[in-house]
Amino acid sequence: MSLVPMVPDHAPGFFACFTDPAGWTYLGEDEPFADPADAERWTETRAASRDPLFYTVSRDGVPAGFCSFLRITPAHGVIEIGYIHFSPALQGTVAATEVQYLMMAHVFDDLGYRRYEWKCNALNAPSRAAALRLGFTFEGIFRQAQVTKHRNRDTAWYSIIDSEWPAIKAGFQAWLAPENFDVQGRQKASLAALRGR
């Protein structure tokens, strides 16, 4: 698994792996790709953006997902992760969790930010569960925060702050260690349990 800046050449891989329209439900105003040319236009636009700043998740050199940093505010040490979209082959895997760890580590350890945010549609139950599993703290619901795809969006807010990062980081490192998985690749201890040690 690798995490690299998004470039236009990733478009064919995205078109190949994002075939389920349901996967686009909560991706802002973005819609499923109509054809390879549409995927190319979408990828060129996102690759040129600096906020959001997009990254591609690759498995064996083949794009399997993307995510981004956005609302990047160096003056206040605040940054958000968003536009997370993993292919079915990546969802629920150790690699998907490792992507989240690498993004967090870059924010806190390399960039020295103070606050890391996760926001999602309040109806997006999988995203909300993922935020809690990864160690984010729920901060509340911003009611009628947006209109997205012609529908109201209440936004659920989560965060991690720098004082919480050492314990969260230790939990990730313990969870990702090879000895935390049996020969079938099943976890022995959950991320939450290891974070609480």
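A short tour of the structure in this document, coming up. (Residues numbered from 1 in each chain as written. Predicted model: local features only at pLDDT ≥ 70, side-chain atom pairs only at ≥ 80, totals over all residues. Heavy atoms only, no water.)

This part covers the overall build of the protein. Across its full length, the protein holds 6 helices and 7 strands. When the helices and strands of the protein are placed in sequence order, the string is β-α-α-β-β-β-α-β-α-β-β-α-α. Each principal axis of the C-alpha distribution contributes one length, and for the protein these read about 50 × 40 × 30 Å. The burial tally for the protein puts 46% of its 197 residues in the buried class. (Helix = DSSP H or I, 4+ residues; strand = E, 2+ residues; numbered from the N terminus. Buried < 20%, exposed > 50% of the residue type's maximum accessible area, 1.4 Å probe, protein only.)

With that settled, consider the layout of surface pockets. If you add up the space inside the largest pocket, you get close to 1,200 Å³. When contributions to the lining of the largest pocket are tallied by element, the ones reaching two or more residues are β3 (62-73), β4 (78-86), α3 (94-110), β5 (115-121), α4 (125-133), β6 (137-148) and β7 (151-161). The element best represented in the lining of the largest pocket is β4, accounting for 7 residues. Its residues placed into classes, the lining of the largest pocket shows 21 nonpolar, 16 polar and 7 charged. (1 Å grid on protein atoms, 1.4 Å probe; cavity = no way out; pocket = protein on both sides within 12 Å on 5 of 7 lines; lining within 4 Å. Points joined across faces, edges and corners; volume = space filled by probe spheres on them. Nonpolar A, V, L, I, M, F, W, Y, C, P; charged D, E, K, R; others polar.)

Strands sit in the order β1-β2-β3-β4-β5-β7-β6 across an open sheet of 7 strands; the sheet is mixed. Every other strand in the sheet has two partners, leaving β1 (2-5) and β6 as the edge strands with one partner each. Strand-to-strand twist in this sheet, taken as the mean axis angle between neighbours without regard to direction, amounts to 30°. Pairing between β1 and strand β2 (residues 53-59): 4 bridges, direction antiparallel. Counterpart to Leu 3 in the pairing with β2 is Val 57. (Pairing = 2+ DSSP bridges. Axes fitted to C-alpha atoms, helices over the stretch in contact; angles between N-to-C directions.)

With their axes 11 Å apart at the nearest point, α3 and helix α5 (residues 165-176) run at an angle of 150° to one another. Relative to α5, the element α3 is oriented roughly antiparallel. The chirality of how α3 crosses α5 is left-handed. Note on element contacts: α5 touches α3 through Trp 165, Ile 168, Lys 169, Phe 172, Gln 173, Trp 175 and Leu 176, opposite Val 94, Thr 97, Glu 98, Tyr 101, Met 104, Ala 105, Phe 108 and Asp 109. Here the contact of α3 with α5 is built from residues that sort into 10 nonpolar, 2 polar and 3 charged. (Parallel < 35°, antiparallel > 145°, perpendicular 65-115°, else oblique. Left-handed = near helix turned anticlockwise from the far one by under 90°. Contact = heavy atoms within 4.5 Å.)

Before going further, it helps to spend a moment on the environment of Trp 42. Following the sequence through the fold, Trp 42 ends up in helix α2 (residues 36-48). Each C-alpha atom, one on Trp 42 and one on Phe 14, is 9.9 Å from the other, the two residues being 28 residues apart in sequence. With residues near it in sequence (within four places) discarded, Trp 42 still touches Met 6, Phe 14, Trp 24, Asp 30, Phe 33 and Phe 66.

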